[in-house]
Amino acid sequence: MNDSTPHHLLMQAASSAAPSTDPDPQETAEWREAFEALALTQGPARAREMLHELSRVARKQRIGWQPELATPYVNTIGVDEQPVFPGDLAMEERLASLMRWNALAMVVRANQAETGGSAELGGHIASYASAADLFETGFNHFFRAREGVEQGQHRGDLVFFQPHSAPGVYARAYLEGRLDEKDLGFYRQELTAPSQGAQGLCSYPHPYLMPDFWQFPTGSMGIGPISSIYHARFMRYLTHRRLLDCTGRKVWGVFGDGEMDEPESMSALTLAAREGLDNMVWVVNCNLQRLDGPVRGNGRIIDELEKLFAGAGWNVIKLVWGSDWDGLFARDLTGALAKTFAQTVDGQMQTFAAKDGRFNRDNFFGQNAELARLAQGMTDEQIDRLKRGGHDLVKIHAAYAAAANHQGQPTVILAHTKKGYGMGSAGQGKMTTHSQKKFDGDDLIEFRNRFNLPLSDEQAKNLAFYKPAADSAEMQYMHAKRAALGGYLPRRETAAEILNVPALPSYAQFALAADGKEMSTTMAFVRMLGGLLKDSALGPKIVPIVADEARTFGMANLFKQVGIYSSVGQRYAPEDIGSVLSYREALDGQILEEGISEAGALASWTAAATSYSVHGLAMLPFYIYYSMFGFQRVGDQIWAAADQRARGFLLGATSGRTTLGGEGLQHQDGTSHLIAATIPNCKAYDPAFASELAVILDRGMQEMMVEQKDVFYYVTLMNENYAQPDLQPGSEADIIRGCYQFNSWLRSPVLGQSLKMLKKSASSVTLMGSGAILTEVVKAAQKLAQQGIEATVYSVTSWSELARDGAACQQLAIDGGAVNVPFIAQQLQASTGPIIAATDYVRAVPESIRAFVPDGRRYLTLGTDGFGRSDTRAALREFFGVDAQSIVKAALHMLNQK
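To keep things clear, this report deals only with the structure shown in the data block.

Basis of the calculations
Residues numbered from 1 in each chain as written. Predicted model: local features only at pLDDT ≥ 70, side-chain atom pairs only at ≥ 80, totals over all residues. Heavy atoms only, no water. Helix = DSSP H or I, 4+ residues; strand = E, 2+ residues; numbered from the N terminus. Rg over C-alpha atoms; globule rule 2.2 N^0.38 Å. Buried < 20%, exposed > 50% of the residue type's maximum accessible area, 1.4 Å probe, protein only. Contact = heavy atoms within 4.5 Å. Areas by Shrake-Rupley, 256 points an atom, 1.4 Å probe, with all protein chains shown as cover. Lys, Arg positive; Asp, Glu negative; His and termini not counted. Charge placed at Lys NZ, Arg CZ, Asp CG, Glu CD. Salt bridge = Lys/Arg side-chain N within 4 Å of Asp/Glu carboxyl O. Axes fitted to C-alpha atoms, helices over the stretch in contact; angles between N-to-C directions. Left-handed = near helix turned anticlockwise from the far one by under 90°. Nonpolar A, V, L, I, M, F, W, Y, C, P; charged D, E, K, R; others polar. Pairing = 2+ DSSP bridges. Expected span 1.5 Å × (residues − 1). Polar contact = N/O pair within 3.5 Å; in protein donor to acceptor, adjacent residues only side chain to side chain. Parallel < 35°, antiparallel > 145°, perpendicular 65-115°, else oblique.

Looking only at helices and strands, the chain features 37 helices and 20 strands. In terms of overall size, the chain behaves like a compact globule, its C-alpha atoms giving a radius of gyration of 32 Å where 898 residues would be expected to give roughly 29 Å. A principal-axis box enclosing the C-alpha atoms of the chain has dimensions of 110 × 75 × 50 Å. With 898 residues in all, the chain has 59% of them scored as buried. Across the chain, every contact between residues at least 6 apart in sequence was considered, and the portion connecting residues at least 24 apart equals 78%. Of the accessible surface of the chain, which amounts to about 35,600 Å², a share of 51% is contributed by carbon and sulfur atoms. Counting 84 positive and 99 negative side-chain charges, the chain places the averaged centre of each group 4 Å from the other.

Following this line, the structure appears as structure tokens:
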């Protein structure tokens, strides 16, 4: 149905889903005719104004009515609103068919022993089959590549690809000459491929694995949608802060309708609308099917999503029916089609997709005489070829053009497609189509015929890749289209200017020479951050991020210093405006304060941490949060950020299981360092002192901003105040490697007599500790010294770095290389006696280095396994057995063992 259809038929169709008895049809007809006359004579604007007025009257009268958010199951853009298609339709259809074939051949080859593949590799065909035309319209007409970084050159659009459709993106790259035939032959064989002179192609978009190709990881459902929103918002942030002009650039996301079930997909819709992110377009591929069956078998997912997005404030474009339906709608003077669609659930629609033209003639058009008359004169094949909107290049282009030109709101295009489109009896619309990866000879011939592919029967059965000659019309057309849009996509780039880091004393002298002053490492970090923000070169590129705890972490002083980013500035006078620490929002504000949304804050951090690649502009994000609500809550997003090669700092504040006394089970973190250790490019540190923290921050900035290494740092911070020692001379390198002998405690005047006794003692122990528990280790050392037992104390700044070093040395020896002594073993050679290691985390954290402890040295770990409790720090540490007395008890036990 379209705008050439009489308006009263649209209204009838819209109401047909919930029929009711009209007590006065004549009066209803008069109202309808009056409104139609108003629209005809006064125009749409006046008609909308009248509807708004009637709605206001209804609310005032408390009628209890509001307009439905769902519109008829027809295209939003009418035929008369469609722009002229700006390309060669037949040419683009041929190219799309070639890419469909090569994608199919690649996946089936990988799973056929006859072609050297293995059925265990898996892969997907049906998702790309449904999305191919959505992709191709974007590639040929809308997706802009980065032209360069000079002024006036387009910096490129951001495109998030539906992960299961990755084979189709590879197929296009093959035709473009970016991948060769041998590469396609090693789909999902990343380890085998290099030995055969090929590039292995990863299963889904993974920048870590294909760093010059994929830009955004989308393989984990829901991560792509939320990431795309915060990338779009970060582009506005860069523009408003005058760091980089991102106007004219779009964020495009092609996602699945089943993916919309993920909470991450939906969690930031209102933010996108609230911020007016009209630089973002989502295309939801509504093929109506998840992995196992219908998305909403008993309902209509397009209707549901329309209500959801419209209610959230998005511009919604429904792309439901292809051009072949236009004539049917035009002939349908009674609205029979719209009525029937309004009453057809997706489960039935899926059945129609899986069956042939004869079935659809009998079971869809055969439902009533009105529909049957519309199908008269159509052959069964013509009925079978009736396209859904997401497979019609003309309709897709019209929807994309409207979305790209829309202002003031983000836009979602709900594109109706068939999963496994063109796969015929082998998989189109079938429940099993998602896992379909094998075709017999007849299926391949049927697919070839369906898309008129220039392949012989033998070529089709042998899954031969097809690439037209370089001088063919198809190849010239494809290259010309991409040249006009700036080049090829997807493409990941890493060129960005080096960000010089200020000298460490310029912002952290107070920590390097703390002279015993009491402070928490959280307060030390905030003070260092304030100093870094004042640096003229690095300061503007810093992105402080907080979920909703800025005041908790003592960051309120930054409100006035750099402000909180707001796309509309500050439209109110804050309650605390007279305070030095008053809340201040600004268009050029620097802090991203995301509200109570760790998922949103992490998505913002990822956008900033990958700006060097996405925008060619290096930024340095610091995201500070309750450590329990990091890896445990949004660990999947952190993993995706690692895949995207993020660079930045994650600060897990109030960390540890015993430092956040009264908060209890849900807030006390004993596992984040265990999870952080599983991410290869995450460097995790648990410093006890402000001086250690300063050294770690400095090294991290040097590594990420100057050396431009693809790593990120996780640093835990405590809210516990205690005396801070000066930086131990010469300890910097060891702090970074993960461990150093901490000697400052020996200078305590309280221990004068005990230290004399140590000279006569033959007993000795080695105590290791990290974070807040190092202070308990020091107290234990003092108690042991008073008992005449010599204690050597090590401050462990990173258990995971020690473990990685040890594993690397071990693997080198296994491989027959030089024998290297693990760093932790080297450090422990300076001490004697049994080793007791204590942390505020589960025992598995210090256990990670057991294999690298010197031979013959007994090793005991203390940790905080189990659930947290609400109580004082002292009570919690005694309960978990990590307080000073527990450490002494463990040391004496180890000394008494033979």
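After that view of the structure, there is still more to cover.
So, about the pattern of salt bridges. Applying the stated rule across the entire model yields 38 salt bridges. Here Arg-94 ties to Glu-474 by a salt bridge, and the two come within 3.2 Å at their closest N and O atoms. With Arg-94 in helix H4 (residues 89-110) and Glu-474 in helix H21 (residues 473-484), this residue pair connects regions lying 380 residues apart in the sequence. For the salt bridge of Glu-136 with Arg-172, the shortest nitrogen-to-oxygen distance reads 2.6 Å. Of this pair, Glu-136 sits in helix H5 (residues 126-141) while Arg-172 sits in helix H6 (residues 166-176); the two residues are 36 residues apart in sequence, bridging distant segments of the chain. Residue Arg-172 is classed as buried on the basis of its relative accessible area, which comes to 0%.

On to the packing of H4 against H6, then. Across the interface, H4 lies against H6 with an axial gap of 8 Å and an inter-helix angle of 115°. The way H4 lies across H6 gives a crossing that is right-handed. Of the residues in H6, those touching H4 at Leu-95, Leu-98, Met-99, Asn-102, Ala-103, Met-106 and Val-107 are Pro-167, Gly-168, Tyr-170, Ala-171, Arg-172, Tyr-174 and Leu-175. Residue classes in the contact of H4 with H6 are distributed as 11 nonpolar, 2 polar and 1 charged.

Peptide bonds are, in most cases, trans, and in most cases residues other than glycine have a negative phi. With an omega of -5°, the peptide bond between Leu-489 and Pro-490 qualifies as cis. By the secondary structure assignment, Pro-490 is in the loop between H21 and helix H22 (505-512). Although it is not a glycine, Arg-62 adopts a positive phi angle of roughly 55°. In this structure Arg-62 comes out as exposed when scored by relative accessible area, which is 75%. A positive phi angle, close to 70°, is found at Leu-288, a residue other than glycine. Here Leu-288 shows up in the loop between strand S3 (280-286) and helix H11 (301-312).

Here we come to the pairing of strand S19 (residues 835-838). Burial along S19 is two-sided: the face carrying Ile-835 and Ala-837 and the face carrying Ile-836 and Ala-838 are both buried. By the bridge criterion, 4 bridges tie strand S17 (residues 764-769) to S19 in an arrangement that is parallel. If you follow Gly-769 over to S19, its bridge partner there is Ala-838. The sheet contact formed by S19 and strand S20 (residues 859-862) spans 4 bridges and is parallel. Within S20, the residue paired with Ala-837 across the bridge is Thr-861.

Its 14 residues give helix H32 (residues 773-786) an end-to-end C-alpha distance of 20 Å, which sits within 8% of 20 Å, the value for a rise of 1.5 Å per residue. Of all 14 residues making up H32, 10 are buried, and the element is well covered by its neighbours. Within the sequence span of H32, burial applies to Ile-773, Leu-774, Thr-775, Glu-776, Val-777, Val-778, Ala-780, Ala-781, Leu-784 and Ala-785.

With that settled, the discussion passes to H4. Taking 1.5 Å per residue as the helical rise, H4 with its 22 residues ought to reach 32 Å, and the 32 Å between its terminal C-alpha atoms agrees with that figure. H4 sits mainly inside the fold: 17 of its 22 residues count as buried. Between the side-chain oxygen of the N-cap and the backbone nitrogen of Ala-90 there are 3.2 Å, and the N-cap of H4 in question is Asp-88.

To continue, consider the side chain of His-397. Among the structural elements, His-397 can be located in helix H18 (residues 393-405). Setting aside chain neighbours within four positions, we find His-397 in contact with Pro-83, Val-84, Phe-85, Pro-86, Thr-137, His-141 and Phe-142.

What follows is about the packing of H5 against H18. At a minimum axis distance of 10 Å, the contact between H5 and H18 shows a crossing angle of 60°. With respect to H18, the element H5 is oriented oblique. For the pair H5 and H18, the crossing hand works out as right-handed. For the pair H5 and H18, the contacting residues are Asp-133, Leu-134, Thr-137, Gly-138 and His-141 in the first and Leu-393, Ile-396, His-397 and Tyr-400 in the second. The residue makeup of the contact of H5 with H18, split by class, is 4 nonpolar, 4 polar and 1 charged.

Moving on: the sheet that holds strand S1 (residues 158-160). Note: strands within a sheet are paired through backbone hydrogen bonds, in either parallel or antiparallel orientation. Strand order in this open sheet of 5 strands is S1-S2-S3-S5-S4, and the pairing throughout is parallel. The open sheet has two free edges, formed respectively by S1 and strand S4 (315-319), since each of these has just one partner strand. In this sheet, adjacent strand axes meet at a mean angle of 15° when their direction is disregarded. As paired strands, S4 and strand S5 (residues 411-416) are joined by 5 bridges and run parallel to one another. Bridge pairing in S5 links Asn-315 to Thr-411.

In this section: the sheet that holds S19. Spatially, S16-S18-S17-S19-S20 is the arrangement adopted by the 5 strands of the open sheet, whose pairing is mixed. The open sheet has two edge strands with one neighbour each: strand S16 (739-741) and S20. Across this sheet, the average inter-strand angle for adjacent strands is 20°, counted without regard to direction. Bridge analysis of S16 against strand S18 (residues 790-796) gives 3 bridges, and the strand direction is antiparallel. By the bridge assignment, Tyr-740 is partnered in S18 with Ser-795. In this fold H32 packs onto S17, S18 and S19, with an angle of close to 165° to the strand it touches most, S17.

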